[in-house]
Amino acid sequence: MRENEPDIKYLFEPRAVAVVGASHDPKKIGYKILDNIISGGYPGKVYPVNPRGGEILGLRGYRDVNEIEEEIDVASIVVPAPLVFDAVKRCGEKGVKFVSIITSGFSEVGNREEENRIVACARDHHMRVLGPNIFGVFSAPCSLNATFGPKNVRSGNIAIITQSGALGIAMIGKTKVENMGLSAIVSVGNKSDINETDLLEYLLHQDLTRVIMIYIEGLKAGERFVNVLQRTAKQKPVVVVKAGRSKRGAMAAASHTGALAGSDEIFDYLMKQSLALRAESLNEALEWCKFFANTPIPSKDNTVIVTNGGGIGVLATDACEKYGVGLYDDYLTLKETFSGMMPSFGSTKNPIDLTGEATPDLYEGAFKASLEGESIHAVIALYCETAVFDIRTFTPMIEAYYRKFLEAKKPIVFCLVGGQQTEDAVDDLRKHDVPVFTDPYEAVSCMGALYTYVHHRRSHSGSVISISVDTASMEAIIEKAKKEKRRFLLAHEGQGVMKAAGISIPRSHVARGLDQAVQYAEEIGYPLVMKIVSKDILHKSDVGGVALNLVNRKEVIEAYEAILHRCRTAFPDAKVDGIEVTEMVHGGTELIVGARIDPSFGPIVMCGLGGIYVEVMKDVSFRALPLSLREAITMIKEIRSYPLLLGVRGEKRKDIDGLVETILKVGEILQTCRSISDIEINPLVVDVEGVKAVDVRILLSP
Ligand code: ACO
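Residues numbered from 1 in each chain as written. Predicted model: local features only at pLDDT ≥ 70, side-chain atom pairs only at ≥ 80, totals over all residues. Heavy atoms only, no water.

Student: Explain the sheet that holds strand S22 (residues 546-550) residue by residue, including any values.
Tutor: Pairing in this open sheet of four strands is antiparallel, and the strands run S20-S23-S21-S22 from one edge to the other. In the strand order of this sheet, the two ends are held by strand S20 (508-511) and S22, each with one partner. Each adjacent strand pair in this sheet contributes to an overall mean axis angle of 20°, direction not counted. When strand S21 (residues 528-533) meets S22, the two strands line up antiparallel, connected through three bridges. Bridging across to S22, Met 530 finds its partner in Ala 547. Of the strands in this sheet, S21, S22 and strand S23 (578-583) touch helix H20 (residues 553-570), which is tilted by about 25° from S21. (Pairing = 2+ DSSP bridges. Helix = DSSP H or I, 4+ residues; strand = E, 2+ residues; numbered from the N terminus. Axes fitted to C-alpha atoms, helices over the stretch in contact; angles between N-to-C directions. Contact = heavy atoms within 4.5 Å.)

Below you can see the structure in the form of C-alpha cells.
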C-alpha cells in the first residue's frame, strides 16, 4: 500500500456511497446502479449526483459531489467518457476514497492517455481507481450491489474477481441459477490502478469468503500477483480461469483489455507455484467453487468409487489418475468392508462394483459402510440407469447420505447417467446443493481439485535461501558494455559473470596470436574448441568462426588460420580481438537454464532440455523469482527429460545438486543486477562430476 492510500476494505465495506451520473431515466445504467444499491438493502447513506438535481428514486439529487456533507468512501462514476476526468477530479477534491469507473472508452479502445490522466489525478488526491470499463462491485458483508447486473444477488461464501465485465454479469446470473451464494463479485476491467492482487489482499482476510474465483485475461504486475496469490491460496482455495490459451485467444484478450496476455505456458507454471487451481473452462471453475463452498476437507487421501456399471467405473478410475485422486487399494480392508452387501459376481476391488443388479438397498449398504469405514476418506458414487432401479427412490437417499457425509467431514460426489428420469433427478439434486454430475470426469474433476488444494495446504513451498554472488565484479563487466553502448555481453564477459556467480565454465583463454593459441592449447589439453572473438561478428558459426573437437597441435594451427581467413573474408572490416581457445566439454546431458524480466510476469527463471533441440522438444519449466530450493528441485523434476539426469541403462546419476545450485544462482544474478534483462546458458552440460556453462548469452535492459 502506498503512503496515504485508503484501506481497500472501504471499497468492499463503504460507509457512504455516491453515484455520479445517477440518471432520472430508468433505462440508463446510472439509474440501474442506484436502484440496485437501494433495493439490495445497503445500510449506509446513498447519494445520487446529477447536475439536473431533482429527485431520483426518492433520494435528493446533488448537483455536485462536493455538495454532499458526509464523507464518501466509494463513488460509482457513470458519466460518458469525456466527462469522467472532471468527475474524478471533483471526487478527489471531495476526499472520496475510491472511484469505481463504469464508463467504457479508455485503454480498451486505445485511449490510454486519458486513462493515465485520470489515474494520475486520482493519485494526486490519494484516491484509488477501480476500472474503468467495469460493471461495478457487489459486496455481501454490507449488502452493497453497486453494479448494473441483476438485482437480488444471492449472498454466500464465493468471491469472484473478473476482468471481463460482461462475463461477470453473466456469472451473477449463472451462480444464482446454480444456487451459489456470493460474498463478493468485482470487475477490474482495464485495471488502470486497482488489480486482482489488491482485491485478493482484502479477500484473503475476509471471513465470509471461503473460495475465490478469478477470471483473468492478462497480467500487468505478475511478480506481486504470484506473491499474494501464494499467500491466499494457502488459506483458501483460489480457482483461476485464464482466457488466451491459444495464440489467437491471447491476441483477442490483449485487444479486449489492453493488457498483455502473457505466455500461457509460463502462466500455467506460475499458477502451480502459487498453489492456485487452474480450471480449463468457466463451467469447471464454477463447479469447483460450488464444491469447495459446501464440501468438508477430507482428513486423508483414500477414495473409493462405488458403481453399478463397470465401464463408468473404469472412466472414473482414469479420471482419478488424471486429476490426482488417490484410490484406496487395501484390498483386504475393502473386502471386509463391502463383501457383505455385494452380489457374488460383484467386485470389492476399488471401484466397488455393485453390478447391474444393484438396488437402492445395495447402494445404501455401500454408502453406510463407506461412511463408517475409518480408512475411507472420500467417495465417488456412480450410477447408470437400469430397469431394475427406480431413480425416484434413490434421489432422497442420495440427498440424505450427502448430508451425513458432510457431517462426517467426508467429501462425496455423485454421477448419474441415464434418460429423462435420471436427468430430472440430477436437476432436483443440484437444486438442493448436492454435487451431482452427468459425466464421471466432471465429478472426479471436483474431487481432484479438492485434493490438489488439500495437498497444497499440507505442502511447504520452502524458504528462499540466500545465495551470494560477486555483484561488484558483475557490475564492472556490465558498466563496460554500457559504456560501449552495447545491449549484450560478449562471450568472455558472459563467462566473467558466470565466474562472479560461482558457476563453472570450461577452461578458456583468448589468444592474441598463433603462438599464444598453441601455448594455451597445450596448457588446457585436448580436445578443444576455438572461436573468433569479435563484437562485430555475432553469429560465429554461420561464418565459420568456430572449430570443434581439435585433438592436437597441428589441428589447432590449421583451425587458427582457417577461422581468421573465413571471418576476414565474410567481415573484412570486423575488429578481431583474438581467438578463444576453450576446453571442449563432452559427455553429460545438455540442459538450458535461463532467467529474464518478463513484461507480464516480472523476473522468471527457466530450465529444461537444452542443446540444439530446445525449440523442437519444448521440454522446459518456469518459475517466478525469488525461488525456494524446493521449487528449484520441483522445476527439474517437472521436465520430461528428468530421467536422463537420474541416469538410464546403467548410467550414473548426474550432478542434479549442481544443476539446482546453478538455477538458484542464475535467478540471483537477475535479481541482484537489475540492468540484466535476459540470461541464457545453453548448453549447460550436466555430468556425473559437475555442471559447466558452455555457452552464455546475456542481454541488458534498454
Ligand atoms: N456529473 C454527474 N452526472 C452527470 C454529469 C456530471 N458531470 N454530466 C451528465 N450527468 C448525468 C446526465 O445528465 C445523465 O442523467 P439524466 O439521464 O438524468 O440526464 C447521466 O449523468 C448519464 O449521462 P448520459 O450522458 O445520459 O450517459 P449515458 O447514461 O447514456 O452513458 C455511460 C453513460 C453508461 C457511462 C456510457 O458512457 C458508457 O460508458 N456505457 C458503457 C458502460 C459499460 O459497458 N461498461 C463496461 C461494463 S462491463 C460490460 O462489458 C458489461
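Student: Residue-level account of a nonpolar patch on the surface, with values.
Tutor: Among the surface-exposed residues, Ile 612, Tyr 613, Val 616 and Met 617 lie close enough to one another that they form a single nonpolar patch of about 470 Å² accessible area. Mapped onto the secondary structure, Tyr 613 falls in the loop between strand S25 (602-609) and helix H21 (614-617). (Patch = residues over 30% accessible without salt bridge, like charges linked within 9 Å, V, L, I, M, F, W, Y side chains within 5 Å. Areas by Shrake-Rupley, 256 points an atom, 1.4 Å probe, with all protein chains shown as cover. Salt bridge = Lys/Arg side-chain N within 4 Å of Asp/Glu carboxyl O.)

Student: So what's going on with empty space enclosed by the protein? Which residues, and what values?
Tutor: Tallied over the entire structure, the rule returns three cavities of 30 Å³ or more. One number sums up the size of the largest cavity: a volume of about 70 Å³. Glu 287, Lys 290, Phe 291, Asn 294, Thr 295, Tyr 402, Arg 430, Asp 433, Val 434, Pro 435, Phe 437 and Cys 446 together form the lining of the largest cavity. Ranked by the residues each element gives to the lining of the largest cavity, the list is headed by helix H10 (residues 282-294), at four residues. Of the residues contributing to the lining of the largest cavity, the split by class is six nonpolar, two polar and four charged. (1 Å grid on protein atoms, 1.4 Å probe; cavity = no way out; pocket = protein on both sides within 12 Å on 5 of 7 lines; lining within 4 Å. Points joined across faces, edges and corners; volume = space filled by probe spheres on them. Nonpolar A, V, L, I, M, F, W, Y, C, P; charged D, E, K, R; others polar.)

Student: Tell me what's going on with the packing of helix H11 (residues 310-323) against helix H16 (residues 440-458), and back it up with residues and numbers.
Tutor: Geometry of a packed helix pair, given as the angle between the helix axes and the separation of the axes. The geometry of H11 relative to H16 is characterised by a closest axis approach of 9 Å and an angle of 30° between their N-to-C directions. Regarding the angle of H11 to H16, the classification is roughly parallel. Note on packing geometry: the crossing formed by H11 with H16 is right-handed. Here H11 contributes Ile 312, Leu 315, Ala 316, Asp 318, Ala 319, Cys 320, Lys 322 and Tyr 323 to the contact with H16, which in turn contributes Pro 440, Tyr 441, Val 444, Ser 445, Gly 448 and Thr 452. Here the residues of the contact of H11 with H16 are counted per class, giving nine nonpolar, three polar and two charged. (Parallel < 35°, antiparallel > 145°, perpendicular 65-115°, else oblique. Left-handed = near helix turned anticlockwise from the far one by under 90°.)

Student: Can you explain the site of the ligand? Please cite residues and give values.
Tutor: With respect to spatial proximity, 24 residues lie near the ligand, and among them Ser 23, His 24, Lys 28, Arg 52 and Ser 104 are the closest. Within the side chain of Ser 23, an N or O atom sits 2.6 Å from an oxygen atom of the ligand. Here an oxygen atom of the ligand sits 2.6 Å away from a polar atom, N or O, in the side chain of Lys 28. Classifying every residue of the shell around the ligand gives 14 nonpolar, eight polar and two charged. (Near = heavy atom within 4 Å. Polar contact = N/O pair within 3.5 Å; in protein donor to acceptor, adjacent residues only side chain to side chain.)

Student: Describe in detail the sheet that holds strand S2 (residues 45-49), supporting the description with residues and values.
Tutor: Strand order in the open sheet formed by five strands is S2-S1-S5-S6-S7, with parallel pairing between adjacent strands. In the strand order of this sheet, the two ends are held by S2 and strand S7 (128-130), each with one partner. Adjacent strand axes in the sheet meet at a mean angle of 20°, parallel and antiparallel pairs treated alike. Taken together, the three bridges between strand S6 (residues 98-101) and S7 define a ladder with parallel strand orientation.

Student: An account of the packing of aromatic side chains is needed here, citing residue identities and associated values.
Tutor: Following the criterion strictly, the structure yields 16 aromatic pairs and no others. Ring centres of Tyr 363 and Phe 394 lie 4.8 Å apart, and the angle between their planes is 40°; on these two criteria the pair is classed as tilted. Of this pair, Tyr 363 sits in helix H13 (residues 360-372) while Phe 394 sits in helix H14 (residues 391-407), and the two are 31 residues apart along the sequence. Among the aromatic residues, those joined into a cluster by ring pairs are Tyr 363, Phe 367, Tyr 383, Phe 389, Phe 394, Tyr 401 and Phe 414. (Phe/Tyr/Trp six-rings, centres within 6.5 Å; stacked < 30°, edge-to-face > 60°.)

Student: Give a description of the side chain of Gln 273 that names residues and reports values.
Tutor: Mapped onto the secondary structure, Gln 273 falls in helix H9 (residues 264-274). Not counting chain neighbours up to four residues away, the residues in contact with Gln 273 comprise Gln 230, Arg 623, Ala 624, Pro 626, Leu 627 and Glu 631.

Worth remembering: the numbers are spatial, not functional.
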